[in-house]
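Residue-level structure breakdown
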Amino acid sequence: RVVDTATGWVTTAKTGLNDPRGIAVLPDASSVYVAEFATDQISVFGVQAVAAVTAAPGAPPAPTALPAASWTAGSSGSAGSLVDGTRGVARFTTPADVAIDPVTQDAVVACKGHTVNRISAAGRASSFAGSGVPSVATGLTVAAGFQTPSGVSVASDGVAYVAEETGHAVRAITPGGTVSVLAGSGTGGYGEGTFTGADFNAPSNVEIAGSNVVYA
């Protein structure tokens, strides 16, 4: 749905999606990426400009409707991990969130199938990090493990931060694909502390504020 922040008016931009869990918009507002959890797909919609309409005082603004998907990455009903390829050739397992890398304009997808994937503007999907098997392993790209990544956000320097719902931690992935634990002991809890000396309880999302603050 779309909220006009000036008037507060809410319109439905798209119907027929299958359990949309995450949404991201390119910086130039030209495309909207939607993670469809139930069908293991990422749908991409081009945003059409809405013609200016002269409305009577108090009338709702012109609706911002999304057209049919420009393209889709993944295949409905065909989940899979570590299957790279262009658009329908690629596979995802329960994509839960999507964010845009401000450096490359790639979409970064957190999948509850224990992987984090990248999708280029041309629709090429690749395995960014995670083996597809639940694990606490750190390391480079698919040698690392995740435990139910559910939220993702990408900082201005291209570092992706991932909330692990069953791993009770926040992971960091460098642009080169090195995975480390930013914070969280791996045990569910509410203890405060520094880095892995602190606890999280099933974090499901993560956001970045400034250069040194991550909320999860």
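Residues numbered from 1 in each chain as written. Predicted model: local features only at pLDDT ≥ 70, side-chain atom pairs only at ≥ 80, totals over all residues. Heavy atoms only, no water.

Quick look at the overall build of the protein chain
Put simply, the rule is: In DSSP terms, a helix is any run of H or I states spanning at least four residues, a strand is any run of E spanning at least two, and both are numbered starting from the N terminus. Computation of the radius of gyration draws on C-alpha atoms alone. For the globule rule, the value is 2.2 Å times the number of residues to the power 0.38. Here the term buried applies to any residue with accessible area under 20% of the maximum for its type, exposed to any over 50%, and partly exposed to those in between, with areas from a 1.4 Å probe on protein chains only. Contact between two residues is taken to exist if any of their heavy atoms lie within 4.5 Å; hydrogens are not considered. We get accessible surface area from the Shrake-Rupley algorithm with a probe of 1.4 Å; when it comes to residues, only the shown protein chains can shield them. Here Asp and Glu are counted as negative and Lys and Arg as positive; His is not counted, and neither are the chain ends. To locate a charge, take atom NZ for lysine, CZ for arginine, CG for aspartate or CD for glutamate.
For the protein chain, the count of helices and strands is zero helices and 18 strands. By the compact-globule yardstick of 17 Å for 216 residues, the protein chain fits well, its C-alpha radius of gyration being 18 Å. Based on the C-alpha atoms only, the size of the protein chain along its principal axes is roughly 60 × 40 × 30 Å. Expressed as a percentage of its 216 residues, the buried residues of the protein chain come to 41%. Within the protein chain, contacts between residues at least 6 apart in sequence are counted, and of these 42% link residues at least 24 apart. About 10,200 Å² of surface is accessible on the protein chain, with carbon and sulfur atoms providing 55% of the total. Computing the positive centroid from 9 side-chain charges and the negative centroid from 15, the protein chain places the two 9 Å apart.

Thoughts on the nonpolar core
Burial of nonpolar side chains together is a common tendency in soluble globular proteins. Let me state the cut-off plainly: Buried Ala, Val, Leu, Ile, Met, Phe, Trp, Tyr and Cys residues that are joined via side-chain atoms within 4.5 Å together make up what is termed a nonpolar core.
Grouped together as the largest cluster of nonpolar side chains are 17 residues, with contacts concentrated most on Tyr 33, Ile 42, Phe 92, Val 98 and Ile 119. Sorting the residues of this core by element identifies β4 (31-36), β5 (41-46), β6 (71-73), β8 (95-100) and β9 (107-111) as the ones contributing at least two each. Looking at this core element by element, the count peaks at three residues for β9. Setting aside anything within four residues of it in sequence, one finds Ile 42 in contact with Tyr 33, Val 34, Ala 35, Trp 71, Thr 72, Ala 73, Phe 92, Pro 95, Val 109 and Ile 119. Listed in part, the 14 residues of the second largest apolar core include Val 116, Phe 128, Ala 144 and Val 152.

Quick look at the sheet that holds strand β11 (residues 124-129)
Worth spelling out the cut-off: Should DSSP find at least two bridges between two strands, the strands are taken to pair.
Ordered by their spatial adjacency, five strands build an open sheet running β7-β11-β10-β9-β8, and the pairing between neighbours is antiparallel. Since the sheet does not close on itself, it has two edges, and those belong to β7 (85-86) and β8, each with one partner. By the bridge criterion, five bridges tie β9 to strand β10 (residues 115-119) in an arrangement that is antiparallel. By the bridge assignment, Val 108 is partnered in β10 with Arg 118.

Comments concerning the pairing of β10
Within a regular beta strand, the side chains point alternately toward one face of the sheet and then the other, so they alternate between its two faces. Along β10, five of the five residues are buried, which leaves the element largely enclosed by surrounding structure. Both faces of β10 are covered, namely the face carrying Thr 115, Asn 117 and Ile 119 and the face carrying Val 116 and Arg 118. Hairpin geometry of β9 and β10 is characterised by an intervening segment of three residues between the two adjacent antiparallel strands and by a positive phi of about 75° at His 114. Inspection of the sheet shows β10 paired to β11 by four bridges, in the antiparallel sense.

Focus: the confidence of the model for the protein chain
Just so we agree on the cut-off: What pLDDT reports is the predictor's confidence in each residue, on a scale of 0 through 100.
With 92% of its residues at a pLDDT of 70 or more, the protein chain shows a mean pLDDT of 89. For the stretch residues 49-56, pLDDT sits under 50, and the model shows six contacts to residues farther than four places along the chain or on other chains.

Some points on the environment of Ala 79
Looking at where Ala 79 falls in the secondary structure, it is placed in the loop between β6 and β7. Ala 79 gets classed as partly exposed once you look at its relative accessible area, which sits at 47%. Dropping the residues within four chain positions of it, Ala 79 is found in contact with Asp 40, Arg 91, Phe 92 and Thr 93.

Details of the side chain of His 114
Here is the rule we go by: Nitrogen and oxygen atoms within 3.5 Å of one another constitute a polar contact, given that in protein one can donate a hydrogen and the other can accept it, and given that sequence-neighbouring residues count only through two side-chain atoms.
For His 114, the position within the fold is in the loop between β9 and β10. Taking the relative accessible area as the measure of exposure, His 114 reaches 16% and is therefore buried. At 3.1 Å, the side chain of His 114 forms a polar contact with the backbone nitrogen of Thr 148. In contact with His 114, not counting residues within four places along its chain, are Gly 130, Ser 131, Gly 132, Val 133, Pro 134, Phe 146, Gln 147, Thr 148 and Pro 149.

What to know about the sheet that holds strand β3 (residues 20-25)
This is how it is decided: The axes used here are C-alpha line fits, helices contributing only the stretch in contact, and every angle between their N-to-C directions lies in the interval 0 to 180 degrees.
Here four strands make up an open sheet; going across it, the order is β3-β4-β5-β6 and the pairing antiparallel. Sheet topology places β3 and β6 at the edges, where each strand pairs with a single neighbour. Strand-to-strand twist across the sheet, computed as the mean angle between neighbouring axes with direction ignored, equals 20°. Bridge count between β5 and β6: three bridges; the pairing is antiparallel.

A closer look at the packing of aromatic side chains
Put simply, the rule reads: Here a pair means two rings of Phe, Tyr or Trp (six-membered ring of Trp) with centres within 6.5 Å. Their orientation is stacked below 30 degrees between planes, edge-to-face above 60, and tilted elsewhere. Geometrically, a charge over a ring is one whose NZ (Lys) or CZ (Arg) sits within 6 Å of the ring centre while staying within 35 degrees of the ring normal.
Summed over the entire model, instances satisfying the criterion amount to one aromatic pair. In this arrangement the basic side chain of Arg 21 is found over the ring face of Phe 37, its NZ or CZ atom lying 3.7 Å from the centre. One cation-aromatic arrangement involves Arg 118 over Phe 128; the distance from NZ or CZ to the ring centre is 4.7 Å.

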